[in-house]
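Chain by chain, the residues run as shown.
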Amino acid sequence: KAGVTQTPRYLIKTRGQQVTLSCSPISGHRSVSWYQQTPGQGLQFLFEYFSETQRNKGNFPGRFSGRQFSNSRSEMNVSTLELGDSALYLCASSPFPTGELFFGEGSRLTVL
Amino acid sequence: GIQVEQSPPDLILQEGANSTLRCNFSDSVNNLQWFHQNPWGQLINLFYIPSGTKQNGRLSATTVATERYSLLYISSSQTTDSGVYFCAVLYGNNRLAFGKGNQVVVIP
């Protein structure tokens, strides 16, 4: 069974640009959540989707958004990038919202 | 929100030694997981343990939900056990909160 797949794995952007990250969950998993990891703030919850609906959102500005498609694949978008958005972005999937989480390898974003 | 505290923050072990990592949380939780972050950043599942005790090889974990803590035991440590261990709790309306991690270094 394939694991959680995140693309791209690495990317470099400049301030003011926008970025879209993709996450394909484990087959059969309908819940997808996103996290940001930085050295200063650690791992922080961004948002969670289940059956195409955003169920929860962390304390991030509106520049951070996401969506989930009917096949459970999810994307997150960050607009008007800032230097502080440089981070490892992790996606996790679960068969249902309170189930065990399985993480992808992450997308490492560098903003110059 | 909930507070998740892991201790000790840093731990240096001689290969073959045993260790205990602790995770305290400030409120009731729906579930709890332990992860090991590999050098490439991926979080590897160790235990899904909202309560009770589980064992997997040299690793075991115990969660006492009523007292709001969980323990991860590493026995006969190996250099491959080095890395950061995270405790994560699911609370409230399905929000996940992580501790700051335990940085473990196993010396040959």
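Residues numbered from 1 in each chain as written. Chains lettered and ligands numbered in written order. Predicted model: local features only at pLDDT ≥ 70, side-chain atom pairs only at ≥ 80, totals over all residues. Heavy atoms only, no water.

1. Thoughts on the overall build of chain A
Okay, step 1: When you go through chain A residue by residue, the secondary structure sums to 0 helices and 11 strands.
Okay, step 2: Helices and strands in chain A line up, N terminus first, as β-β-β-β-β-β-β-β-β-β-β.
Okay, step 3: Computed over its C-alpha atoms, the radius of gyration of chain A comes to 13 Å, within 12% of the 13 Å expected for a compact globule of 112 residues.
Okay, step 4: Taking all 112 residues of chain A together, 49% fall into the buried category.
Okay, step 5: For chain A, long-range pairs separated by at least 24 residues make up 54% of all intrachain contacts whose partners lie at least 6 apart in sequence.
Okay, step 6: Working note: accessible area of chain A is about 5100 Å², and carbon and sulfur atoms make up 49% of it.
Okay, step 7: Looking at charge distribution, chain A has the averaged site of its 11 positive side-chain charges lying 3 Å from that of its 7 negative ones. (Helix = DSSP H or I, 4+ residues; strand = E, 2+ residues; numbered from the N terminus. Rg over C-alpha atoms; globule rule 2.2 N^0.38 Å. Buried < 20%, exposed > 50% of the residue type's maximum accessible area, 1.4 Å probe, protein only. Contact = heavy atoms within 4.5 Å. Areas by Shrake-Rupley, 256 points an atom, 1.4 Å probe, with all protein chains shown as cover. Lys, Arg positive; Asp, Glu negative; His and termini not counted. Charge placed at Lys NZ, Arg CZ, Asp CG, Glu CD.)

2. Details of a nonpolar patch on the surface
Okay, step 1: On the surface, Ile12, Val105 and Ile107 of chain B cluster together into a nonpolar patch covering about 260 Å² of accessible area.
Okay, step 2: With respect to the helices and strands, the residue Ile12 of chain B is situated in strand 2 (residues 10-14). (Patch = residues over 30% accessible without salt bridge, like charges linked within 9 Å, V, L, I, M, F, W, Y side chains within 5 Å. Salt bridge = Lys/Arg side-chain N within 4 Å of Asp/Glu carboxyl O.)

3. A short note on the state of the cysteines
Okay, step 1: For the structure on display, the rule yields 2 disulfides over all chains.
Okay, step 2: At a sulfur-sulfur separation of 1.8 Å, the disulfide partner of Cys23 of chain A is Cys91 of chain A. Because the torsion about its S-S bond is -60 degrees, the bridge between Cys23 of chain A and Cys91 of chain A counts as left-handed. Of this pair, Cys23 of chain A sits in strand 3 (residues 19-24) while Cys91 of chain A sits in strand 9 (residues 87-94), and the two are 68 residues apart along the sequence. There is no split in this pair, since Cys23 of chain A and Cys91 of chain A are both buried.
Okay, step 3: The disulfide that involves Cys23 of chain B links it to Cys87 of chain B, with 2.0 Å between the sulfurs. (Disulfide = S-S within 2.5 Å.)

4. Side note on the interface of chain B and chain A
Okay, step 1: Residue-level contacts link 17 residues of chain B with 22 residues of chain A.
Okay, step 2: Of the roughly 1800 Å² buried at the junction of chain B and chain A (both faces included), carbon and sulfur atoms supply 47%.
Okay, step 3: Counting across the interface, chain B meets chain A through 0 salt bridges.
Okay, step 4: Joining chain B to chain A, the criterion identifies 6 residue pairs in polar contact (both at pLDDT 80 or more).
Okay, step 5: Secondary structure elements with two or more residues in the side of chain B that touches chain A: strand 4 (31-37), strand 5 (43-48), strand 9 (83-91) and strand 10 (95-98) of chain B.
Okay, step 6: In terms of residue count, strand 4 of chain B provides more of the side of chain B that touches chain A than any other element does, 4 residues in total. (Buried area = accessible area lost by both parts, 1.4 Å probe. Polar contact = N/O pair within 3.5 Å; in protein donor to acceptor, adjacent residues only side chain to side chain.)

5. Re the sheet that holds strand 8 (residues 69-74) of chain B
Working definition: the strands of a sheet are paired by backbone hydrogen bonds and lie parallel or antiparallel to each other.
Residue and element names in this part refer to chain B.
Okay, step 1: Strand order in the open sheet formed by 5 strands is 1-3-8-7-6, and the pairing between neighbours is antiparallel. Every other strand in the sheet has two partners, leaving strand 1 (4-7) and strand 6 (52-56) as the edge strands with one partner each. Averaged over all pairs of adjacent strands, the angle between strand axes in this sheet comes to 15 degrees, irrespective of strand direction. (Pairing = 2+ DSSP bridges. Axes fitted to C-alpha atoms, helices over the stretch in contact; angles between N-to-C directions.)

6. Remarks on the nonpolar core
Okay, step 1: Membership of the largest hydrophobic core comes to 24 residues, with the highest contact counts inside it found for Ile2, Leu21, Leu32, Trp34, Leu72 and Val89 of chain B.
Okay, step 2: Taken together, the elements giving at least two residues each to this core come down to strand 2, strand 3 (19-25), strand 4, strand 5, strand 7 (59-64), strand 8, strand 9 and strand 11 (102-107) of chain B.
Okay, step 3: Of the residues forming this core, the biggest block, 4 residues, is contributed by strand 9 of chain B.
Okay, step 4: Those residues in contact with Leu72 of chain B, other than ones at most four positions away along the chain, are Ser19, Thr20, Leu21, Trp34, Leu46, Phe47, Ser60, Ala61 and Tyr85 of chain B.
Okay, step 5: Counting residues in each nonpolar core, the second largest holds 21 residues, with Leu46, Met76, Ala87 and Cys91 of chain A among its members. (Core = buried A, V, L, I, M, F, W, Y, C linked by side-chain atoms within 4.5 Å.)

7. Concerning the packing of aromatic side chains
Okay, step 1: According to the stated counting rule, one finds 9 aromatic pairs over all chains in the structure shown.
Okay, step 2: Ring geometry for Phe103 of chain A and Phe35 of chain B: centres 5.2 Å apart, planes at 90 degrees, overall edge-to-face. Here Phe103 of chain A, found in strand 10 (residues 102-103), pairs with Phe35 of chain B, found in strand 4, and the two come from separate chains.
Okay, step 3: Every member of this aromatic cluster is reached through a ring pair, and the members are Tyr35, Phe45 and Phe103 of chain A together with Phe35, Phe86 and Phe98 of chain B.
Okay, step 4: Over the ring of Tyr69 of chain B we find Arg22 of chain B, and its NZ or CZ is 4.2 Å from the ring centre. (Phe/Tyr/Trp six-rings, centres within 6.5 Å; stacked < 30°, edge-to-face > 60°. Lys NZ or Arg CZ within 6 Å of the ring centre and 35° of its normal.)

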